[in-house]
Amino acid sequence: MIFWKLFYTFCKIGIFNFGGGYAMIALIQNEVVEKQAWMTAQEFTDIVAVSQMTPGPIGINVATYAGYTAVVNAGYDPWLGVVGAFLASFSVVLLPFILMLLLAHYLMKNKENKDLQNVFSALRITVLGLIAAAALFLATPDNFGSWSQSPLQFCLSIAIFITVFFLSLKKKISPILLILLSGVVGLVVYGI
Amino acid sequence: MAGYFELFWSFFKIGSFTLGGGFAMIPLMEKELVQQKQWLSKEEFLDLLSVSQAMPGVFAVNMATSIGYRLRGKTGAVMSVLGNILMPILTILVLAMFFRYFRDNAFVESIFKGIRPCVVALIAAPVFTMARNAGLSWRNCWIPLLAAALIWLLGISPVLIIIIAGIGGFVYGRLKDRKEATT
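Parameters at a glance
Residues numbered from 1 in each chain as written. Chains lettered and ligands numbered in written order. Predicted model: local features only at pLDDT ≥ 70, side-chain atom pairs only at ≥ 80, totals over all residues. Helix = DSSP H or I, 4+ residues; strand = E, 2+ residues; numbered from the N terminus. Buried ≥ 20, exposed ≤ 12 C-beta atoms within 10 Å, placed from the backbone. Contact = placed C-beta atoms within 7 Å. Domains from an automatic or database assignment. Nonpolar A, V, L, I, M, F, W, Y, C, P; charged D, E, K, R; others polar. Axes fitted to C-alpha atoms, helices over the stretch in contact; angles between N-to-C directions. Parallel < 35°, antiparallel > 145°, perpendicular 65-115°, else oblique. Left-handed = near helix turned anticlockwise from the far one by under 90°.

1. Describing the overall build of chain A
The helix and strand tally for chain A stands at nine helices and zero strands. Across chain A, helices and strands are ordered from the amino to the carboxyl terminus as α-α-α-α-α-α-α-α-α. Expressed along its principal axes, the backbone C-alpha trace of chain A runs to roughly 60 × 45 × 30 Å. For chain A, the proportion of its 192 residues judged to be buried stands at 54%. In chain A, of all internal contacts separated by at least 6 residues, the share reaching a separation of at least 24 is 61%.

2. Looking at the domain arrangement of chain A
All names here are of chain A. According to the domain assignment, chain A consists of domain 1 (2-141) and domain 2 (145-192). A separation of 26 Å is found between the C-alpha centroids of domain 1 and domain 2. The interface of domain 1 with domain 2 comprises four residues on the first partner and five residues on the second. In terms of residue count, the dominant contributor to the side of domain 1 that touches domain 2 is helix α3 (residues 41-53) (three residues). Tallied by class, residues from the side of domain 1 that touches domain 2 come to three nonpolar, one polar and no charged.

3. Remarks on unusual backbone geometry
Leaving glycine aside, a negative phi is the common case for residues, and trans is the common case for peptide bonds. Of note in this structure, A:Ala37 is not a glycine but carries a positive phi near 50 degrees. Locating A:Ala37 in the fold gives a position in the loop between α2 (20-35) and α3. According to the C-beta neighbour criterion, A:Ala37 is exposed, with 10 such atoms within 10 Å. The phi angle at B:Gln38 is positive, at roughly 55 degrees, despite the residue not being glycine. Judged by local crowding, B:Gln38 falls into the exposed class, with 8 C-beta atoms found within 10 Å.

4. Points about the packing of α3(A) against helix α5 (residues 106-129) of chain B
Two elements in contact, α3(A) and α5(B), have axes whose closest approach is 9 Å; the angle formed by their N-to-C orientations is 80 degrees. Considered as vectors, α3(A) and α5(B) are oriented roughly perpendicular to each other. Contacts between α3(A) and α5(B) involve A:Gln42, A:Thr45, A:Asp46, A:Val48 and A:Ala49 from the former and B:Phe112, B:Ile115, B:Arg116, B:Val119 and B:Val120 from the latter. Its residues assigned to classes, the contact of α3(A) with α5(B) comprises six nonpolar, two polar and two charged.

5. Considering the environment of A:Gln29
All names here are of chain A. With respect to the element layout, glutamine 29 can be found in helix α2. Residue class for glutamine 29 comes out buried when judged on the 28 C-beta atoms lying within 10 Å of it. C-alpha separation for the pair glutamine 29 and valine 188, spaced 159 residues apart in sequence, amounts to 29 Å. In this view, glutamine 29 contacts Phe44, Ala134, Phe137 and Leu138; residues no more than four positions away in its chain are not counted.

6. Some points on the packing of helix α5 (residues 78-109) of chain A against helix α4 (residues 59-102) of chain B
Packed helices, taken two at a time, are described by the angle between their axes plus the distance between the axes. Direction vectors running N to C along α5(A) and α4(B) enclose 160 degrees, while the axes themselves pass 10 Å from each other. Relative to α4(B), α5(A) is oriented roughly antiparallel. In the crossing of α5(A) with α4(B), the sense of the turn from one axis to the other is right-handed. Along the contact surface, α5(A) presents A:Pro78, A:Val82, A:Ala85, A:Phe86, A:Ser89, A:Val93, A:Pro96, A:Phe97, A:Met100, A:Leu101 and A:Ala104, while α4(B) presents B:Val61, B:Asn62, B:Thr65, B:Ser66, B:Tyr69, B:Lys74, B:Ala77, B:Val81, B:Ile85, B:Ile89, B:Leu93 and B:Met97. Grouping the constituent residues of the contact of α5(A) with α4(B) by class yields 18 nonpolar, four polar and one charged.

This is the structure we're talking about:
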């Protein structure tokens, strides 16, 4: 039953996400593309692109869109996809919400607790590896094209990747602007 | 005192008008809740911010939860969270439904052919931009490298890696304490 699986999967993603929006993208990618195979790497990448450009927390946006896509891809009516979208966002929020109500008070008082600080500093470093793995998983012919099929697309994809990568490292350029510009490049090169 | 609907409305505005993810909401929240409504002091705001960052989940939603709870209890928390995520969910839903029809359009496909490598780069870059804040050094850089390899090459679940890392951090801290106590 896909709805039960959605609920369970996104509950898990929510409660195990330490480290912000990109860490959550990594967890969602691993669950919905690698483990459950609800969608392709390409569909997931498109979802992240749209989620970056619309308002709201990126984790919520990706969860909503992924919930919708998973249900519709499974062959259900698009209206049930809407249920999937709400269910995924609800599930991703549910456990952290409960935990927050139970623990916020305790955490405020014990901010200096050494054990907690050790756990969090280990998690902060590990999460970098999670995000790197997600980027590796998404660097597929699905997203970059392949040298044998279209050398032009492959080379241009590598060029876009390197340019965007260094621009977002060195200069603080908004991701939205970078996505829009890449879209324009795509339209000009492939569309005309 | 903040009314339930007022809370909902404040977070609705914050959720609807921030592009660029949860952290982009911080200045808006501060302006709306601390400066304009004066529901929280600057110190309280910063305390709730650090707790929200430490807790699992979605940062912006954690902020809404903790602030709503602090101001009006459980119902306040629910109202704040609903306000915060309602507009983003509806926006995404509308786009998701429309995008299904345009996906096969040749122009849309060529735009996305350009966008996809950009998105992968946007996911790869935070690994390096976040490294400094995470306290990455030559001594501990094997941790994310090993984590990435286990996930990517061996297909190990990131959730399992998170659990092991958490326990590892706890044990390492305790061992270090003991060593310092004996020397």
